[in-house]
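# Fold and contact review
Listed below are the residues making up each chain.
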Amino acid sequence: MRRTEAARELGGFVREHRTDGSRRLRLAGALLVTGAVGLAFGVPVTIASIGTTDGAPELAGLLLGVGLVGLGLGIWRLTQALRTREQCSPRTRANWPPRFTVR
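A brief structural summary. (Residues numbered from 1 in each chain as written. Predicted model: local features only at pLDDT ≥ 70, side-chain atom pairs only at ≥ 80, totals over all residues. Heavy atoms only, no water.)

## Description of helix α3 (residues 56-83)
- For α3, built from 28 residues, the straight-helix expectation of 40 Å at 1.5 Å per residue is met to within 8% by its first-to-last C-alpha distance of 40 Å.
- Looking only at α3, the buried set comprises Ala60, Leu63, Gly67, Gly70, Gly74, Arg77 and Ala81.
- Those residues of α3 that are buried are in contact with α2 (21-48). (Helix = DSSP H or I, 4+ residues; strand = E, 2+ residues; numbered from the N terminus. Expected span 1.5 Å × (residues − 1). Buried < 20%, exposed > 50% of the residue type's maximum accessible area, 1.4 Å probe, protein only. Contact = heavy atoms within 4.5 Å.)

## Remarks on a nonpolar patch on the surface
- On the surface, a nonpolar cluster with roughly 240 Å² of combined accessible area is contributed by Leu25, Leu78 and Leu82.
- A relative accessible area of 31% places Leu78 in the partly exposed class. (Patch = residues over 30% accessible without salt bridge, like charges linked within 9 Å, V, L, I, M, F, W, Y side chains within 5 Å. Areas by Shrake-Rupley, 256 points an atom, 1.4 Å probe, with all protein chains shown as cover. Salt bridge = Lys/Arg side-chain N within 4 Å of Asp/Glu carboxyl O.)

## As for the packing of aromatic side chains
- Evaluated as defined, the whole model comprises zero aromatic pairs.
- Between Arg77 and the ring centre of Trp76, over which it is positioned, the NZ or CZ distance is 5.1 Å. (Phe/Tyr/Trp six-rings, centres within 6.5 Å; stacked < 30°, edge-to-face > 60°. Lys NZ or Arg CZ within 6 Å of the ring centre and 35° of its normal.)

Here's what the structure looks like:
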């Protein structure tokens, strides 16, 4: 089957979803760094707070939670950025950056 025949079978163009891969990569990097820092501080605090009932267990849980959520979201965004890196980016378009006029 030729490409034009397949396009006819699929139907007309509906809409285009632009992606900004560089923004996704920056966000993934920030989330991964946040997750790594959260875990780097959370693991020692957790080890030090074993056997205590003061404020350390809550702090350890908060740091570990921030670390795990940051790593999880960072991996998700990194995967998303790598999967969609060949799609069109609005910055490669002629209309970037957007021009706003104040009246």
